[in-house]
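Read off the chains here:
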Amino acid sequence: MSWGFLRDLLSGVNEYSTGIGRIWLAIVFTFRLLVYVVAAEHVWKDEQKEFECNIRQPGCENVCFDHFFPVSQIRLWALQLIMVSTPSLLVVLHVAYRESREKRHKQKLYKNPGSMDGGLLCTYLISLIFKTGFEIGFLILFYKLYGGFSVPRLVKCDMRPCPNTVDCYISKPTEKKVFLYFVAVTSCLCILLNVSELICSGQIKEM
């Protein structure tokens, strides 16, 4: 997967972000996106092929894998990165709207199209609410789908067409567990930053 579009989006948003917002961007780009691209993708590579059960019944391994991993963890992580980053696009679009409005009227309508005031501040607050909501939602989704952030070495499966309860082994469970804890910690940190920025930006709006 090419992540160039997300990198460009985050770079564009940086220009209109507050101090806390820039810390959030640094965490998303450095500690989440780069870790995903450089390391995590390789850990989950061929995860279904490396999922082995102690039986050769046709279809048994596929059914068990689908039961324990209804959505691939790495794909869910990728979706999380996209969803928590795209609300920032609202701010970029709002600034572009201001700039196009000035060109259309051929006069200066704003002190600075990118200044954080009025409608743009409201848009920024809305994007923070969306980002926080997506972060919390994906943490809950990770927990509900996989029963937490731990990855067991062995799971027992009795799904049909398996003739009886079989033992299935998950590849690289320790590495995967480390990365999932990393996902949880960075998500919680980003939630904390978003809430802090919401409070600070809300105080600016009231002034």
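In this text, all values refer to a predicted model and were calculated from it rather than measured experimentally.

Calculation notes
Residues numbered from 1 in each chain as written. Predicted model: local features only at pLDDT ≥ 70, side-chain atom pairs only at ≥ 80, totals over all residues. Heavy atoms only, no water. Helix = DSSP H or I, 4+ residues; strand = E, 2+ residues; numbered from the N terminus. Contact = heavy atoms within 4.5 Å. UniProt positions renumbered as here; feature names shortened; annotations may be inferred. Buried < 20%, exposed > 50% of the residue type's maximum accessible area, 1.4 Å probe, protein only. Pairing = 2+ DSSP bridges. Axes fitted to C-alpha atoms, helices over the stretch in contact; angles between N-to-C directions. Core = buried A, V, L, I, M, F, W, Y, C linked by side-chain atoms within 4.5 Å. 1 Å grid on protein atoms, 1.4 Å probe; cavity = no way out; pocket = protein on both sides within 12 Å on 5 of 7 lines; lining within 4 Å. Points joined across faces, edges and corners; volume = space filled by probe spheres on them. Nonpolar A, V, L, I, M, F, W, Y, C, P; charged D, E, K, R; others polar.

### Concerning the environment of Phe138
Secondary-structure assignment places Phe138 in helix 6 (residues 118-146). The spatial distance from the C-alpha of Phe138 to the C-alpha of Leu76 is 8.3 Å, given a sequence separation of 62 residues. With near-sequence residues (within four places) excluded, Phe138 lies in contact with Leu76, Leu79, Gln80 and Met83.

### Quick notes on the UniProt feature "transmembrane region" (unreviewed entry) in the protein chain
Mapped onto the present numbering, the UniProt feature "transmembrane region" (unreviewed entry) falls at residues 21-39, 77-97, 118-143 and 179-200. Between the C-alpha atoms that bound residues 179-200 there is a distance of 31 Å. The span itself is 100% helix and 0% strand.

### Comments concerning the pairing of strand 2 (residues 154-157)
The side-chain alternation of strand 2 yields one buried face, formed by Val155 and Cys157, and one unburied face, formed by Leu154 and Lys156. Summarising the sheet, strand 2 and strand 3 (residues 166-169) pair through four bridges and their orientation is antiparallel. Among the inter-strand pairings, Cys157 is bridged to a residue of strand 3, identified as Val166.

### Quick notes on the sheet that holds strand 1 (residues 52-53)
Pairing is antiparallel in the open sheet, where three strands are placed in the order 1-3-2. In this open sheet, the two edge strands, each paired with only one partner strand, are strand 1 and strand 2. When strand 1 meets strand 3, the two strands line up antiparallel, connected through two bridges. Note that in strand 3 the partner of Cys53 across the bridge is Cys168. Running at roughly 110° to strand 2, helix 3 (residues 60-68) makes contact with strand 1, strand 2 and strand 3 of the sheet.

### Thoughts on the nonpolar core
Among the nonpolar cores identified, the biggest contains 34 residues, and Trp44, Phe51, Cys64, Trp77, Phe142, Val166 and Cys168 are the most heavily contacted of them. Elements with a minimum of two residues in this core: helix 2 (19-43), helix 3, helix 4 (73-85), helix 6, strand 2, strand 3 and helix 7 (173-206). With residues near it in sequence (within four places) discarded, Trp44 still touches Gln73, Ile74, Trp77, Lys176, Phe179 and Leu180.

### Some points on the layout of surface pockets
Considering only enclosed or pocket space, the largest pocket measures out at about 170 Å³ in volume. Forming the walls of the largest pocket are 11 residues, and the residues nearest its centre are Trp44, Glu47, Ser72, Ile74 and Arg75. Contributing elements (two or more residues each) for the lining of the largest pocket: helix 2 and helix 4. Considering each element in turn, the lining of the largest pocket owes the most residues, three residues, to helix 4. Considered class by class, the residues forming the lining of the largest pocket number six nonpolar, two polar and three charged.

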